Amino acid sequence: MSALGRLFKGGGPGRSKGRAGPTPQEALARLRETEEMLGKKQEYLETRIQRELAAAKQHGTRNKRAALQALKRKKRYEKQLSQIDGTLSTIEFQREALENSHTNTEVFKNMGYAAQAMKKVHENMDLDKIDSLMDDITEQQAVAQEISEAISNRVGFGDEFDEDELMEELEELEQEELNKKMTNVRLPSVPSTSLPSRPASSRKKVEDEDDMKQLAAWAS
């Protein structure tokens, strides 16, 4: 049985009595099957249209009767293709409407569950007790704020001293420490002994060398 037949089967009175209406999921599945079937039909018709057009061109003026028959078949296929396009548009609109309806139904159902849950939560809550609790919380927050401000305020210890005098005293201490360091610096002392003189043997050697130079100059 085709998908279109399955979509519209079961229209008899006996079958409608034994079963309730289809669920949204079942109806959507049938619509998608029908769309798929019509899509395949479209592809078939488009192929036939191209085939008949090629046949008409092939016969041309040599066989006008065959060419005209091919064009007539092409026109019929084009008409069927146009009808299928319209049917697909209608089915697509119906499918989208059904999907939206199903979505709205699920949303409404979930909102009902949420409302019941909220109602159950609020059953054990007393508005008077809530107001009293909020008043207590506000009061305790104010007390905590006052305590924080009292703790964070500066205590007046040491405010009676002059800051300029303290800075002057600090500078004096720093200068005194610097002077003490300069006093402890030790410069290297000058040696008290004289530098060693040239040895006598070295002087004698130099004098001999000078005599030999003079002798060599006189001999020449």
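About the thresholds
Residues numbered from 1 in each chain as written. Predicted model: local features only at pLDDT ≥ 70, side-chain atom pairs only at ≥ 80, totals over all residues. Heavy atoms only, no water. UniProt positions renumbered as here; feature names shortened; annotations may be inferred. Helix = DSSP H or I, 4+ residues; strand = E, 2+ residues; numbered from the N terminus. Buried < 20%, exposed > 50% of the residue type's maximum accessible area, 1.4 Å probe, protein only. Contact = heavy atoms within 4.5 Å. Areas by Shrake-Rupley, 256 points an atom, 1.4 Å probe, with all protein chains shown as cover. Axes fitted to C-alpha atoms, helices over the stretch in contact; angles between N-to-C directions. Parallel < 35°, antiparallel > 145°, perpendicular 65-115°, else oblique. Left-handed = near helix turned anticlockwise from the far one by under 90°. Patch = residues over 30% accessible without salt bridge, like charges linked within 9 Å, V, L, I, M, F, W, Y side chains within 5 Å. Salt bridge = Lys/Arg side-chain N within 4 Å of Asp/Glu carboxyl O. Core = buried A, V, L, I, M, F, W, Y, C linked by side-chain atoms within 4.5 Å. pLDDT = per-residue confidence, 0-100. Expected span 1.5 Å × (residues − 1). Polar contact = N/O pair within 3.5 Å; in protein donor to acceptor, adjacent residues only side chain to side chain.

- Per an unreviewed UniProt entry, the protein is named Charged multivesicular body protein 4C, and its organism is Chelydra serpentina.
- UniProt annotates the protein under Sequence similarities (unreviewed entry) with the comment "Belongs to the SNF7 family."

Considerations on the overall build of the protein
Inference 1: Scanning the protein from terminus to terminus reveals 7 helices and 0 strands.
Inference 2: Its helices and strands taken in sequence order, the protein reads α-α-α-α-α-α-α from the N to the C terminus.
Inference 3: Counting across all 220 residues of the protein, residues that qualify as buried make up 11%.
Inference 4: Of all intrachain contacts in the protein linking residues separated by at least 6 positions in sequence, the fraction that spans at least 24 positions is 74%.
Inference 5: As displayed, the protein has an accessible area near 19500 Å², and 55% of this comes from carbon and sulfur atoms.

What about the packing of helix α3 (residues 24-59) against helix α4 (residues 64-122)?
Inference 1: Here α3 crosses α4 at 160°, and the two axes come no closer than 8 Å. With respect to their mutual orientation, α3 and α4 come out roughly antiparallel. Our pair here, α3 against α4, has a crossing hand that is left-handed.

Some details on a nonpolar patch on the surface
Inference 1: On the surface, a cluster of nonpolar side chains totalling about 270 Å² of accessible area is made up of Leu133, Met134 and Ile137.
Inference 2: Structurally, Met134 can be placed in helix α5 (residues 127-152).

Things to note about the nonpolar core
Inference 1: Leu31, Leu38, Leu45, Ile49, Tyr77, Leu81, Ile84, Leu88 and Ile91 form the largest nonpolar core, which has 9 residues in total.
Inference 2: Listing elements by their share of this core, those giving two or more residues are α3 and α4.
Inference 3: Sequence-distant contacts of Leu88, defined by excluding residues within four places in its chain, comprise Glu35, Leu38 and Gln42.

Things to note about the pattern of salt bridges
Inference 1: Within the structure shown, the criterion is met by 8 salt bridges.
Inference 2: Salt-bridge contacts for Arg32 lead to Glu99; the nearest nitrogen and oxygen are separated by 3.1 Å. Of this pair, Arg32 sits in helix α3 while Glu99 sits in helix α4, and the two are 67 residues apart along the sequence.
Inference 3: The class of Arg32 is partly exposed, set by a relative accessible area of 44%.
Inference 4: We classify Glu99 as partly exposed; its relative accessible area is 24%.
Inference 5: Its salt-bridge partner being Arg95, residue Glu99 comes within 3.4 Å of it at the nearest N-O pair. With a gap of 4 residues between them, Glu99 and Arg95 both fall in helix α4, about one helical turn apart.
Inference 6: Salt bridges sharing partners connect three or more residues here, namely Arg32, Glu35, Arg95 and Glu99.

A few points about the confidence of the model for the protein
Inference 1: Per-chain confidence: the protein averages 79 in pLDDT, with 73% of residues scoring 70 or above.
Inference 2: Across the protein, the secondary-structure element scoring lowest on mean pLDDT is helix α1 (residues 3-8), at 46, and the one scoring highest is α3, at 92.
Inference 3: Long-range and interchain partners of residues 10-16, a stretch whose pLDDT sits below 50, account for 1 contact in this model, where long-range means more than four residues apart.

Some details on α4
Inference 1: Across its 59 residues, α4 extends 86 Å between first and last C-alpha, which sits within 8% of the 87 Å expected from 1.5 Å per residue.
Inference 2: Those residues of α4 that sit buried are Ala66, Ala67, Ala70, Lys74, Tyr77, Leu81, Ile84, Leu88, Ile91, Arg95 and His102.
Inference 3: Looking at the buried side of α4, the elements it contacts are α3.

Thoughts on α3
Inference 1: In this model, α3 (36 residues) spans 52 Å end to end at C-alpha, consistent with the 52 Å of a helix rising 1.5 Å per residue.
Inference 2: Downstream of α3 by one or two residues, Gly60 has phi in the positive range, about 50°.

Observations regarding the side chain of Lys74
Inference 1: Note that Lys74 resides in helix α4.
Inference 2: Classification of Lys74 by relative accessible area gives buried; the value is 12%.
Inference 3: Within the structure, the side chain of Lys74 is placed 2.7 Å from the side chain of Glu78, a separation counted as a polar contact.
Inference 4: Other than its neighbours up to four places away in sequence, Lys74 contacts Ile49, Glu52 and Leu53.

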